[in-house]
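Here's the letter readout for the chains.
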Amino acid sequence: MTYFMFFLGVCFVLGGLAVASNPSPYYGVIGLVLGSVVGCGWLLSLGASFVSLVLFMVYLGGMLVVFVYSVSLAADPFPGAWGDWRVVGYGGGFLLVLVVGVTVGGPLECWELGAVTVDSGGVFSVRLDFSGVAMFYSYGVGMFLVAGWGLLLTLFVVLELVRGLSRGAIRAV
Amino acid sequence: MNPHAKLIFSVSLLLGTTITISSNHWVMAWTGLELNTLAIIPLIAKSHHPRAIEAAIKYFLVQAAASTLILFSSTTNAWVTGQWDITQLTHQTSSLLLTTAIAMKLGLTPFHFWFPEVLQGSSLMTALLLSTMMKFPPLTILFMTSHTLNPTLLTIMAIASTAVGGWMGLNQTQTRKILAFSSISHLGWMTIIIIYSPKLTLLTFYLYILMTSSVFLALNTIKALNLPTLMTTWTKTPMLNTTLLLALLSLAGLPPLTGFLPKWLIIQELTKQEMATATTIIAMLSLLGLFFYLRLAYYSTITLPPNSTNHMKQWHVNSPTNTLTAILTSLSTLLLPLSPMILTII
């Protein structure tokens, strides 16, 4: 099981690498899918089943689907593909950063590791991930309202940035 | 822009600033910073020409990367120490990451490269917002965590910022880029004193807001985006150009104007802390800034441009008079005699 979790962790980093070294967003989104599926797996291993399913539904089923719909409307006619030299450059650069970070950070012991599962809450009778979301509606209602306002603001910002079709200079069509 | 959208963006700017400066939990501080970043993107890209869009995208990328670093720093600190209090950032790596993040947010050297280009791509009013209000939340975070940050790193960044702000501003002909480098230079002065006396940082910031607002508003009234335009406006608004001269010299830090007060107090405090070398270096580097402030002041009042007659003021002008500019310019030139009272207030 440990090796399986380690494999999921490697897939997470490789997914991030695919996103960062993408030649065009249509191919980079594959890295996002891989990274989020594997991230759900990691959350499940810690016992946070509710949050993992929320991530799956909202991220993959909401954000990525909307991304696919919007790029299908405004698609680049000749996007770059994986067989480009830029991909090798980006991928090599990020792998170098990762290797240097791990080898330098290891002996310096910058990070102290440990894993806490969702059942180690002490006197809680409800699991931590459920009760965390429930707190959004009780003690954390201020943050809830601010987060809702932030999402509404994001909508207005995106609408303002892409209005004007191709005269808006963010869209190509 | 659509008035409803403009209202939402303005309210979100105020909301984000208020949330960050009044927060004691890292997640709320981060939320306020993200609200600010999101809300100002359409304001930068308002004119929808390619330079403005490029400036908006550069701003977004830099600020998003800095917010990510703030999240990493706070979550690492929470992992190690078990608490999310802003004033208790005790883990070394976290405070280093936070210093980097705040330097990126503010535009301190070596993370200053985005600032002149973003200012050049936005209108003068948006550039004023970017130089004053958008600096307030990161400076507040720096103020709250100042006792846990590395003094050597902050001093090096401060001296480098003053150097870069001075030297890079010398070759500029666009007024917004000149004011961007002036902002970087003033941030250097604010950062060098934050370890020893955070209240002087805030005083420098408040007086900088006064002075730079009066300069930006004056430039907005005469619509001077570059030096040639500045040279020909003395016939239209001679009084405004004269007060612009005084406001620019105040920004440069010349006594007996207001801008001398923060530099004077910072030099005094640094000397008391046995930092005479750093004091001398930063004071010398500010002389570079004095040169381009003097050049701006000279062009706004004294030079006769080659393409006009030696006429006096035009008989009919259409520049509106602005009370706010008058108030801010008076404050930014005449506050030095009140310095004992100011010292008791901060």
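Treat the numbers as computed from the prediction; the structure is a model and nothing was measured.

**Observations concerning the overall build of chain B**
Then step 1. In terms of regular secondary structure, chain B is built from 16 helices and 0 strands.
Then step 2. The C-alpha radius of gyration computed for chain B amounts to 20 Å, which stays within 12% of the reference 20 Å derived for 346 residues, consistent with globular compactness.
Then step 3. When the 346 residues of chain B are sorted by exposure, 57% land in the buried category.
Then step 4. Long-range contacts, defined as pairs at least 24 residues apart, comprise 77% of the intrachain contacts of chain B with a sequence gap of at least 6.
Then step 5. Looking at chain B, you have 15 positive and 6 negative side-chain charges, and the mean spots of the two groups are 18 Å apart.

**Concerning a nonpolar patch on the surface**
Residues and elements named next belong to chain A.
Then step 1. Residues Val 51, Val 133, Phe 136, Tyr 137, Val 141, Phe 144 and Leu 145 make up a contiguous nonpolar surface patch of roughly 610 Å² in combined accessible area.
Then step 2. Sort the elements by how many residues they give to the nonpolar patch and helix H6 (residues 141–162) lands first, with 3 residues.
Then step 3. With respect to the secondary-structure elements, Leu 145 resides in helix H6.
Then step 4. Residue Leu 145 is classed as exposed on the basis of its relative accessible area, which comes to 59%.

**Focus: the confidence of the model for chain B**
Low pLDDT means the predicted atomic positions in that stretch should not be read closely.
Then step 1. This prediction gives chain B a mean pLDDT of 92; 97% of its residues lie at or above 70.
Then step 2. This complex was scored by the predictor with a pTM of 0.88 and an ipTM of 0.85.

**Quick notes on the UniProt feature "transmembrane region" (unreviewed entry) in chain A**
Then step 1. The UniProt feature table records "transmembrane region" (unreviewed entry) at residues 44–75, 87–108 and 136–162 of chain A.
Then step 2. Structurally, residues 136–162 of chain A is divided into 81% helix and 0% strand, and its ends, taken at the C-alpha atoms, are 32 Å apart.

**Some remarks on the packing of aromatic side chains**
Then step 1. In the structure shown here, the tally under the stated rule is 9 aromatic pairs over all chains.
Then step 2. Residues Phe292(B) and Tyr293(B) carry aromatic rings whose centres are separated by 4.9 Å and whose planes lie at 50° to one another, so their mutual orientation is tilted.
Then step 3. Relative accessible area serves as the criterion here: at 1%, Phe292(B) is assigned to the buried category.
Then step 4. Here Tyr298(B) and Tyr299(B) contribute two aromatic rings whose centre-to-centre distance is 6.3 Å and whose plane-to-plane angle is 45°, an arrangement assigned as tilted.
Then step 5. Counting every residue linked through ring pairs, the aromatic cluster contains Phe136(A), Tyr137(A) and Phe144(A).

**Considering helix H12 (residues 238–252) of chain B**
Residues and elements named next belong to chain B.
Then step 1. Under the 1.5 Å per step criterion, the end-to-end length of H12 is 21 Å for 15 residues, consistent within 8% with the ideal 21 Å.
Then step 2. All of the buried residues in H12 are Leu 240, Asn 241, Leu 244, Leu 245, Ala 247, Leu 248, Leu 249, Ser 250, Leu 251 and Ala 252.
Then step 3. Lining the buried residues of H12 we find helix H9 (175–192), helix H10 (198–222), helix H11 (227–231), helix H13 (260–272), helix H14 (276–301) and helix H15 (323–334).
Then step 4. Looking one or two residues beyond H12, the residue adopting positive phi is Gly 253, at roughly 95°.

**Observations regarding the domain arrangement of chain B**
All names here are of chain B.
Then step 1. The assigned domain composition of chain B is domain 1 (1–122) and domain 2 (150–345).
Then step 2. In this assembly, 14 residues from domain 1 lie in contact with 17 residues from domain 2.
Then step 3. Across the domain 1/domain 2 interface, buried area totals approximately 1,400 Å², and carbon plus sulfur atoms make up 71% of it.
Then step 4. The interface formed by domain 1 and domain 2 includes 0 salt bridges.
Then step 5. Inspection of the region where domain 1 meets domain 2 yields 4 residue pairs in polar contact (both at pLDDT 80 or more).
Then step 6. Taken together, the elements giving at least two residues each to the side of domain 1 that touches domain 2 come down to helix H4 (92–106) and helix H5 (114–121).
Then step 7. Of the residues assigned to the side of domain 1 that touches domain 2, the class counts are 8 nonpolar, 6 polar and no charged.

**So, the UniProt feature "domain: NADH:quinone oxidoreductase/Mrp antiporter transmembrane" (unreviewed entry) in chain B**
Then step 1. Listed under "domain: NADH:quinone oxidoreductase/Mrp antiporter transmembrane" (unreviewed entry) in the UniProt record, and renumbered for this structure, are residues 23–288 of chain B.
Then step 2. Between the C-alpha atoms that bound residues 23–288 of chain B the distance is 38 Å, and the span itself is 75% helix and 0% strand.

**Looking at the interface of chain B and chain A**
Then step 1. Across the boundary between the two partners, chain B contributes 24 residues, which contact 19 residues of chain A.
Then step 2. Both sides together, the interface formed by chain B and chain A hides about 2,000 Å², and carbon and sulfur atoms give 77% of it.
Then step 3. Contact with chain A buries area across many residues of chain B, yet Ile8(B), Leu38(B) and His48(B) alone supply 27% of it, more than any other trio.
Then step 4. Where chain B packs against chain A, one counts 0 salt bridges.
Then step 5. Inspection of the region where chain B meets chain A yields 1 residue pair in polar contact (both at pLDDT 80 or more).
Then step 6. Each residue belonging to the side of chain B that touches chain A can be placed in one class, and the counts come to 18 nonpolar, 6 polar and no charged.

**Quick notes on the side chain of Ser73(B)**
Residues and elements named next belong to chain B.
Then step 1. Assignment of secondary structure puts Ser 73 in helix H3 (residues 50–81).
Then step 2. Since its relative accessible area comes to 0%, Ser 73 is described here as buried.
Then step 3. Once residues lying within four places of it in the same chain are set aside, the contact partners of Ser 73 are Leu 89, Ser 94, Leu 97 and Leu 98.

**Observations regarding the state of the cysteines**
Residue and element names in this part refer to chain A.
Then step 1. Under the counting rule described, the total for this entry stands at 0 disulfides over all chains.
Then step 2. Cys 11 takes part in no disulfide bond, and the closest cysteine sulfur, belonging to Cys 40, lies 13 Å away.
Then step 3. Classification of Cys 40 as buried rests on a relative accessible area of 3%.

**Some details on the UniProt feature "signal peptide" (unreviewed entry) in chain A**
Then step 1. Following the UniProt record, the feature "signal peptide" (unreviewed entry) maps to residues 1–20 of chain A here.
Then step 2. In residues 1–20 of chain A, helix accounts for 95% and strand for 0%; the two terminal C-alpha atoms are 29 Å from one another.

**Quick notes on the environment of Trp84(B)**
All names here are of chain B.
Then step 1. Structurally, Trp 84 can be placed in the loop between H3 and H4.
Then step 2. When its relative accessible area of 32% is taken as the criterion, Trp 84 is described as partly exposed.
Then step 3. The sequence separation of Trp 84 and Trp 26 amounts to 58 residues, and the corresponding C-alpha distance is 5.9 Å.
Then step 4. Sequence-distant contacts of Trp 84, defined by excluding residues within four places in its chain, comprise Asn 24, His 25, Trp 26, Val 27, Ser 74, Thr 75 and Ala 78.

Definitions and limits used
Residues numbered from 1 in each chain as written. Chains lettered and ligands numbered in written order. Predicted model: local features only at pLDDT ≥ 70, side-chain atom pairs only at ≥ 80, totals over all residues. Heavy atoms only, no water. Helix = DSSP H or I, 4+ residues; strand = E, 2+ residues; numbered from the N terminus. Rg over C-alpha atoms; globule rule 2.2 N^0.38 Å. Buried < 20%, exposed > 50% of the residue type's maximum accessible area, 1.4 Å probe, protein only. Contact = heavy atoms within 4.5 Å. Lys, Arg positive; Asp, Glu negative; His and termini not counted. Charge placed at Lys NZ, Arg CZ, Asp CG, Glu CD. Patch = residues over 30% accessible without salt bridge, like charges linked within 9 Å, V, L, I, M, F, W, Y side chains within 5 Å. Areas by Shrake-Rupley, 256 points an atom, 1.4 Å probe, with all protein chains shown as cover. Salt bridge = Lys/Arg side-chain N within 4 Å of Asp/Glu carboxyl O. pLDDT = per-residue confidence, 0-100. UniProt positions renumbered as here; feature names shortened; annotations may be inferred. Phe/Tyr/Trp six-rings, centres within 6.5 Å; stacked < 30°, edge-to-face > 60°. Expected span 1.5 Å × (residues − 1). Domains from an automatic or database assignment. Buried area = accessible area lost by both parts, 1.4 Å probe. Polar contact = N/O pair within 3.5 Å; in protein donor to acceptor, adjacent residues only side chain to side chain. Nonpolar A, V, L, I, M, F, W, Y, C, P; charged D, E, K, R; others polar. Disulfide = S-S within 2.5 Å.

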